[in-house]
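Chain by chain, the residues run as shown.
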Amino acid sequence: MGEFEIRRNPHPTPPEERAAALANPVFGTQFTDHMARVTWTSASGWHDRRVEAFAEIPLSPAAAVLHYAQEIFEGLKAYRRDDGSVWAFRAGANAARFVRSAQRMAMPELSVADFLDSLSALVSVDAAWVPSGAETSLYLRPVMFAAERFLGVRQARRYEYLVIASPVGSYFAGGVKPVSIWVEQETRRAGPGGTGSAKCGGNYAAAMLGQVRAYEHGCDQVLFLEAGGGTAIEELGGMNVFVVLDDGSVATPALTGSFLEGITRASVLALLEDRGVSVVERSVSLSELLSGAGSGQVREMFACGTAAVVTPVGRLVGEGFEVSVAGGVPGELTMSIREQLMGIQYGRIEDRWGWTTRLA
Ligand SMILES: *Cc1c(COP(=O)(O)O)cnc(C)c1O
């Protein structure tokens, strides 16, 4: 544990340039003036906690991460409220998941306190970068990787932890529109005993071909099935899924260890239970989903994750089928959960769950 030393960027972005970036933020393209950073070595553990200028980092061509992909990350947002204050949503859950991801990938664990301190140190220094427009936020991206210059296969003796930040606008410029989903039946992103429930870049590498196939078929997102020949649905490339059934109950795939346990997923479960909705975590097969979408038994379907919050699904496409879901319009429960969740995140609805914490 220790304080983050602030080393200010001597050449920050001019205010007018920053204002232009904030007026029209495009996800993941612009970054703030600083980054938080902590280094781990086998000799000293976690040390040198600092906030420094956002800049390229020297990395040996032999750095272990480039060869063996020992890397984990997180994704969360800082939300500006109407009174100007800046808040995080369930950051402690991200910190805890970062520890679990590190354990699975045989990486050193960063303490929850260091994780949370790194966020508030960075956001305090770059507070002017948190946009204030409707549905905008500052996306925070913690990442840790094996930085040692060494090609042998073992745990590295040096890891770098960084937090970078990027202003983001509403995922749905021009109103919420249901997304179309490609059901990938050829490739799998993860399997039993694998890394599917760790938030690591390798899972995204495994999912990329499925995402490409989704685009080729005119779809926005890809839905992955379980590995091993079964047809239970798991999750999208970076979002969990829910279905609303015609008896008013809601189902979501039960955690199997081969897909990611989203914090948005957990929050949606809590909000639904609080409303008295019957929610079941269970196996949902592709045939149940397709026949239900056709017959109306599946009344709504939505995806959820930090980036897009709650996103209605309007169409399912795969090898040999194409079905519309909920008539291709945003479902009522989907939209009401979306409003409630965003209301809590932006402080417009009372946070009875203790999910929000002030960053700046
Ligand atoms: C991050 C992520 C999610 C969503 O998790 P949230 O905590 O809700 O943002 C879902 N699936 C994958 C593969 C992810 O990496």
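Conventions we followed
- Sequence positions are assigned chain by chain, starting from 1 and proceeding in written order.
- With pLDDT at 70 or above as the cut-off, local features in this predicted model cover only qualifying residues; side-chain atom pairs require 80 or more to be listed or tallied, and sums for whole chains, interfaces and linings still use all residues.
- Hydrogens and waters are ignored; side-chain quantities use all the structure's heavy atoms.
- Exposure above 30% relative accessible area and no salt bridge define the residues that can form patches, which grow by joining like charges within 9 Å and nonpolar side chains of Val, Leu, Ile, Met, Phe, Trp and Tyr within 5 Å.
- Surface accessibility in these figures is a Shrake-Rupley result with a 1.4 Å probe; residues are shielded only by whichever protein chains are displayed.
- Every case where a carboxyl oxygen of Asp or Glu lies within 4 Å of a side-chain nitrogen of Lys or Arg is listed as a salt bridge.
- Where helices and strands are cited, they refer to DSSP runs of H or I of at least four residues and of E of at least two residues respectively, numbered from the N terminus.
- Only the contacting stretch of a helix is used when fitting its axis, a line to C-alpha atoms as for every element, and angles between N-to-C directions run 0 to 180 degrees.
- Working definition: roughly parallel below 35 degrees, roughly antiparallel above 145 degrees, roughly perpendicular at 65 to 115 degrees, and oblique for all remaining angles.
- Any two residues whose heavy atoms approach within 4.5 Å are treated as being in contact.
- Throughout, the ten residues Ala, Val, Leu, Ile, Met, Phe, Trp, Tyr, Cys and Pro are labelled nonpolar, Asp, Glu, Lys and Arg are labelled charged, and all others, Gly among them, are labelled polar.
- Only protein atoms enter the 1 Å grid used here, on which a cavity is any set of points holding a 1.4 Å probe that cannot leave and a pocket is any open set flanked by protein within 12 Å on both sides along at least five of seven lines; residues with an atom within 4 Å of a point are listed as lining.
- Grid points are joined across faces, edges and corners, and a volume is the space filled by probe spheres set on the points.
- Throughout this document, a residue counts as near a molecule or strand when at least one of its heavy atoms sits within 4 Å of that molecule or strand.
- Two N or O atoms count as a polar contact when they lie within 3.5 Å, although within protein this holds only if one can serve as hydrogen donor and the other as acceptor, and sequence-adjacent residues are included solely when both atoms are side-chain atoms.
- To qualify as sitting in a cavity or pocket, a molecule needs more than half of its atoms within 2 Å of the grid points.
- Pairing between two strands is assigned when DSSP locates at least 2 bridges connecting them.
- Throughout this description, buried means an accessible area under 20% of the type-specific maximum (1.4 Å probe, protein chains only), exposed means over 50%, and partly exposed covers the range between.
- To estimate how far a helix should extend, the number of its residues minus one is multiplied by 1.5 Å.
- Each pair of aromatic rings taken from Phe, Tyr and Trp, with Trp reduced to its six-membered ring, is defined by centres within 6.5 Å and is described as stacked if the planes are under 30 degrees apart, edge-to-face if over 60, and tilted in the remaining cases.
- Lysine and arginine charges are scored as sitting over a ring when NZ or CZ, respectively, is within 6 Å of the ring centre and within 35 degrees of the ring normal.

**Re a nonpolar patch on the surface**
Judged by side-chain polarity, Y68, L151 and V153 come together as a nonpolar surface patch covering roughly 330 Å² of accessible area. Secondary-structure assignment places L151 in the loop between β7 (137-146) and β8 (158-168).

**Looking at the packing of helix α6 (residues 263-274) against helix α8 (residues 332-345)**
The relative placement of two packed helices comes down to the angle between their axes together with the axis-to-axis distance. As a packed pair, α6 and α8 sit with axes 11 Å apart at the nearest point and diverge in direction by 105°. In terms of axis orientation, α6 runs roughly perpendicular to α8. Contact with α6, carried on its side by T264, S267, V268, L271 and L272, involves L333, I337, Q340, L341 and I344 of α8 and no other residues of that element. Considered class by class, the residues forming the contact of α6 with α8 number seven nonpolar, three polar and no charged.

**Side note on the layout of surface pockets**
In this structure, the largest pocket occupies an estimated 1,100 Å³ of space. F27, Y204, G238, M239 and A307 are, among the 47 residues lining the largest pocket, the residues nearest its centre. Those elements giving two or more residues to the lining of the largest pocket turn out to be β5 (76-80), α3 (91-104), β7, α5 (201-216), β10 (221-225), α6 and β15 (298-305). At six residues, α5 tops the list of elements feeding residues into the lining of the largest pocket. A class-by-class count of the residues in the lining of the largest pocket yields 24 nonpolar, 16 polar and seven charged.

**What to know about the site of the ligand**
Around the ligand, a shell composed of 14 residues is seen, among which K199, Y204, E235, T264 and T306 lie nearest. One of the side-chain nitrogen or oxygen atoms of R97 is found 2.9 Å away from an oxygen atom of the ligand. Y204 places a side-chain nitrogen or oxygen 2.5 Å from an oxygen atom of the ligand. Expressed as a share of its isolated accessible area of 380 Å², the protein-covered part of the ligand is 97%. Counting atoms within 2 Å of the grid points, the majority share of the ligand lands in the largest pocket.

**Topic: the pairing of strand β3 (residues 45-53)**
With two bridges connecting them, strand β1 (residues 5-6) and β3 associate as parallel partners. Bridge assignment links I6 to a residue of β3, and that residue is V51. Pairing of strand β2 (residues 34-41) with β3, which is carried by seven bridges, proceeds in the antiparallel orientation. Looking at β3, one finds that H34 is bridged to A53.

**Focus on the side chain of Q221**
Mapping Q221 onto the fold places it in strand β10. Overall, Q221 belongs to the buried group, its relative accessible area being 11%. Residues contacting Q221, with those up to four places away along its chain left out, are Y171, S180, I181, W182, Q211, A214, L236 and M239.

**Focus: α6**
Helix length check: α6 (twelve residues) gives 16 Å between terminal C-alpha atoms against 16 Å at 1.5 Å per residue, within 8%. Among all positions in α6, only I263, T264, R265, S267, V268, L269, L271 and L272 are buried. A positive phi of about 85° marks G276, the residue just after α6.

**Observations concerning unusual backbone geometry**
With a phi close to 60°, D48 is a non-glycine residue in the positive phi region. Structurally, D48 can be placed in strand β3. For D48, a relative accessible area of 34% puts it in the partly exposed group. Backbone geometry places A326, a non-glycine residue, at a positive phi of 55°. Structurally, the position occupied by A326 is in the loop between β17 (321-324) and α8.

**Some thoughts on empty space enclosed by the protein**
With the rule as written, the count across this model stands at one cavity of 30 Å³ or more. Its volume calculated, the largest cavity comes out at about 90 Å³. Lining the largest cavity are 13 residues, with K77, E135, A307, V309 and M342 positioned closest to its centre. Only β5 and α8 provide two or more residues apiece to the lining of the largest cavity. With three residues, α8 is the largest single contributor of residues to the lining of the largest cavity. Of the residues that constitute the lining of the largest cavity, the class distribution is six nonpolar, four polar and three charged.

**Quick word on the packing of aromatic side chains**
For the coordinates displayed, the defined rule picks out twelve aromatic pairs. Summarising the aromatic geometry, the rings of F27 and Y139 are spaced 5.2 Å apart at their centres and angled 70° between planes, so their arrangement reads as edge-to-face. Taken as a pair, F27 in the loop between α1 (15-23) and β2 and Y139 in strand β7 lie far apart in primary sequence, 112 residues in all. By relative accessible area, which is 9% here, Y139 ends up buried. By way of ring pairs, the aromatic residues W46, F98, F115 and Y161 are connected into one cluster. Residue placement shows R81 over the ring face of W87; its charged tip is 3.7 Å from the ring centre.

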